[in-house]
Amino acid sequence: MSLSPFASSDIEPPGQSVQQDLSELSRRYGLRDGALQAITQGSGEQYLSAFALLFHASAFQLSVLSALPQLIGTGAQVASVKLLRWFPDRKALIRIGTIGQGLAWVPIVLFPLLFPEFGPWLIIAGTALYFACSQFTMPTWNSFIADHLDQHERGAYFARRATIMASLSFVALGMAGWLLNLWQHHPFAWIGFALTFLVAGSARFLSAMALAKVEDVHHTLHRDGQPGFRNFLTRTSLSFRRFLFFSGLMHAAVLIAGPFFVLYMLRDLHLSYLGYGMWLAAGILGQLVTLGTWGQFGDRFGNKALLSFTGLMVPFLPMLYLAGTNLVFLLLVNFLGGVTWSGLALGLQNYVFDAVRPEDRTKAVATCSTINALGWCLGAFIGSWLVNALPSRIDVGQFSLQLASNLPLVFFVSGTLRLVVSTSLLRSFHEARAVEHAPFTQLVWELPLLKPIAQFLVSPLLRASK
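Residues take numbers from 1 onward in each chain, read along the sequence in its written order. Only residues with pLDDT of at least 70 are given local features in this predicted model, and only at 80 or more are side-chain atom pairs given and counted; all residues enter the totals for whole chains, interfaces and linings. Side-chain calculation: all heavy atoms of the structure are included, whereas hydrogens and water are not.

Caption draft 1: Highlighting the overall build of the protein. Numbered from the N terminus, helices here are DSSP runs of H or I no shorter than four residues, and strands are runs of E no shorter than two. On a plain count of helices and strands, the protein comes out with 19 helices and two strands. Expressed as a percentage of contacts within the protein between residues at least 6 apart in sequence, the contacts between residues at least 24 apart total 84%. Accessible surface, the protein: about 21100 Å² in total, of which carbon and sulfur atoms supply 67%. Contacts between residues were defined by any pair of non-hydrogen atoms, one from each residue, lying within 4.5 Å. Residue burial considers only the protein chains on display, and all accessible areas are found by Shrake-Rupley using a 1.4 Å probe.

Caption draft 2: Spatial organisation of the side chain of Arg418. In this structure, Arg418 sits in helix H17 (residues 407-425). Of the side chains with opposite charge, Asp268 comes closest to the buried, unpaired Arg418, at an N-O distance of 16 Å. With near-sequence residues (within four places) excluded, Arg418 lies in contact with Met250, Ala253, Val254, Ala257, Val314, Pro315, Pro318 and Trp341. Only protein chains enter the accessibility calculation, which uses a 1.4 Å probe. A residue is then buried if its area is under 20% of the maximum for its type, exposed if over 50%, and partly exposed in between. By the counting rule applied here, Lys and Arg register as positive and Asp and Glu as negative, while His and the ends of each chain are not counted. We define a salt bridge as a side-chain nitrogen of Lys or Arg found within 4 Å of a carboxyl oxygen belonging to Asp or Glu.

Caption draft 3: Representation of the pattern of salt bridges. One pass over the structure, following the stated rule, counts five salt bridges. Put simply, Arg161 and Asp33 hold a salt bridge, and the shortest N to O gap is 3.0 Å. On the criterion of sequence distance, the pair formed by Arg161 in helix H7 (residues 154-183) and Asp33 in helix H2 (residues 14-43) is long-range, its members being 128 residues apart. Since its relative accessible area comes to 3%, Asp33 is described here as buried. Its salt-bridge partner being Glu436, residue Arg300 comes within 2.9 Å of it at the nearest N-O pair. Residue Arg300 is located in helix H12 (residues 273-301), and its partner Glu436 is located in the loop between H17 and helix H18 (440-445); the two are separated by 136 residues in the primary sequence.

Caption draft 4: Local environment of the pairing of strand S1 (residues 393-396). Examined bridge by bridge, S1 and strand S2 (residues 399-402) share four bridges and lie antiparallel to one another. Looking at the pairing, Val396 lines up with Phe399 of S2. In short, DSSP must find at least two bridges between two strands for them to pair. Counting the residues between successive antiparallel strands, the hairpin from S1 to S2 contains two residues, one of them, Gly397, with a positive phi of roughly 65 degrees.

Caption draft 5: Seen up close, the layout of surface pockets. Taken as a whole, the largest pocket spans an internal volume of roughly 400 Å³. Only protein atoms enter the calculation, which uses a 1 Å grid: trapped sets of points that fit a 1.4 Å probe without letting it out are cavities, open sets showing protein on both sides within 12 Å along at least five of seven lines are pockets, and any residue with an atom within 4 Å of a point is a lining residue. In terms of lining, the largest pocket is formed by 18 residues, of which the most central are Lys304, Ala305, Ser308, Phe309 and Leu443. Of all the secondary-structure elements, those providing two or more residues to the lining of the largest pocket are helix H13 (303-313), H17 and H18. It is H13 that contributes the most residues to the lining of the largest pocket, five residues altogether. Grid points are joined across faces, edges and corners, and a volume is the space filled by probe spheres set on the points.

Caption draft 6: Spatial organisation of the environment of Ser342. With respect to the helices and strands, the residue Ser342 is situated in helix H15 (residues 327-355). Given a relative accessible area of 4%, Ser342 falls into the buried group. Within the local environment of Ser342, its side chain forms a polar contact with the side chain of Thr290, the two groups lying 3.2 Å apart. We call two N or O atoms a polar contact when they sit within 3.5 Å, provided that within protein one can donate a hydrogen and the other can accept it, with sequence-adjacent residues counted only if both atoms are side-chain atoms.

Caption draft 7: Representation of H15 within the structure. Helix span is expected to be 1.5 Å times the residue number reduced by one. Across its 29 residues, H15 extends 42 Å between first and last C-alpha, which sits within 8% of the 42 Å expected from 1.5 Å per residue. Sitting at the amino-terminal end of H15 is Asn326, which places a side-chain oxygen 2.9 Å from the backbone nitrogen of Val328.

Caption draft 8: Up close: unusual backbone geometry. The backbone phi angle of His56 is positive, close to 60 degrees, even though this residue is not glycine. When you line up the elements, His56 lands in the loop between helix H3 (48-54) and helix H4 (59-86). For His56, a relative accessible area of 70% puts it in the exposed group. The backbone of His270 sits at a positive phi, close to 60 degrees, despite the residue not being glycine. Considering the arrangement of structural elements, one finds His270 in the loop between helix H11 (261-268) and H12.

Caption draft 9: Quick peek at the nonpolar core. Grouping buried Ala, Val, Leu, Ile, Met, Phe, Trp, Tyr and Cys residues that are joined through side-chain atoms within 4.5 Å yields what is termed a nonpolar core. The biggest cluster of nonpolar side chains holds 101 residues, and the ones touching the most others in it are Tyr47 and Phe243. Discounting chain neighbours no more than four positions away, the residues touching Phe243 are Leu307, Leu348, Tyr351, Val352, Cys368 and Phe429. Within the second largest apolar cluster, five residues are counted, among which are Leu84, Leu93, Ala132 and Phe136.

Caption draft 10: Just the packing of aromatic side chains, in detail. Any Phe, Tyr or Trp ring, taking Trp's six-membered ring, that has another such ring centre within 6.5 Å forms a pair; planes under 30 degrees apart are called stacked, those over 60 apart edge-to-face, and the others tilted. The full count for this structure, using the stated rule, is 25 aromatic pairs. Taking the centre distance of 4.9 Å and the plane angle of 35 degrees together, the rings of Trp105 and Phe197 count as tilted. Note that Trp105 is positioned in helix H5 (residues 90-114) and Phe197 in helix H8 (residues 190-211), a separation of 92 residues in sequence. This pair shows no difference in class: Trp105 is buried, exactly as Phe197 is. With 4.2 Å between their ring centres and 20 degrees between their planes, Phe261 and Phe411 make a pair best called stacked. Here Phe411 lies in helix H17 and Phe261 lies in helix H11, a separation of 150 residues in the sequence. Taken as a pair, Phe261 and Phe411 share a single burial class, namely buried.

Laid out in structure tokens, this is it:
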């Protein structure tokens, strides 16, 4: 059947239509992968520290568990970037790393049970293997997905993906916490962890299967003409290098506190696994209700504005743990933490995509992750030193405050350093793309939670005045 010449101009060329269909398939895969990854995180990653405590891990071992796997993972990222130059099949590299993640759960569970006297160190080794496989896929995966997204829709897409992840992670956290709570006082308490980690590993295998239907139509488009991370850094902008400095120091300040929340909740406050899971889930819920708004905010006003607001909010979160130990209060604090961290993490991720050329994205992601991991390690080890150095009682003149442990003071130090990093470095780099400029008051109006609350309060007054 022939087509009318008058209609032919409205019909896309067959090749372009096929490419759009393949790009849409890749975007859908990115959402499914995020959903399955959320199940892995909620039922597995979030409870690794609790599993280590089952084998009586020390504060130092918890800091190593937080820091060392991330540092090893960055080495895997660098290796994947270099391998991509000689083996440009991004789909195969992603699948290899994803299957490796699923298999890594076997030694994480099995070896500590066989050799319990070395349990924490074996968990650290298994976790390092897991994160090496996870980070191996990260630069390639980000380049793979970003090639199918317009620069002005990345915030909305990644916010949608993160919202799906937050929803399923919330459910997985709750179910895993309930299951672990059933076995918490049983002589074989490890069975609860084994079951939840089995779910975590299975989800990664399902993600690898979902990748089978996806075609990488852009894998030969971006070839790097100047290989090497040193060349990459020398030709990036000064603003981007300052951003990397900010990101690395912020991760260092955060990880002074990060590894020890599980110790504070389970050892010092004696929460059950269910209570700990509820605390984790509160943070996920905070992400869930605000990610979409943060994504729209970043797309419209820029990721620099997003980082500026969240970077000045995040310092005060750990300081709040000095104010009380009531479970409801702890849930509220971590809910606010989820609100803030969802915006900060989205801004850190998307700023990298905006600030470099498409062919440099894999190197940019790997470089940023390496700097963050170095900050991660520095912060975790400083935190483990502070755990042994700070007191658990505050005496100022006649004022005296006895804390559940010295960990809230460690959290306070972390918050103070976060504030120093934000106030000193946020002004040193600028927005990487053209965005809408708005006065400060309008930006505040657009913040998550504030806008719907303000509209809820103001709209009855406006109706009454008519």
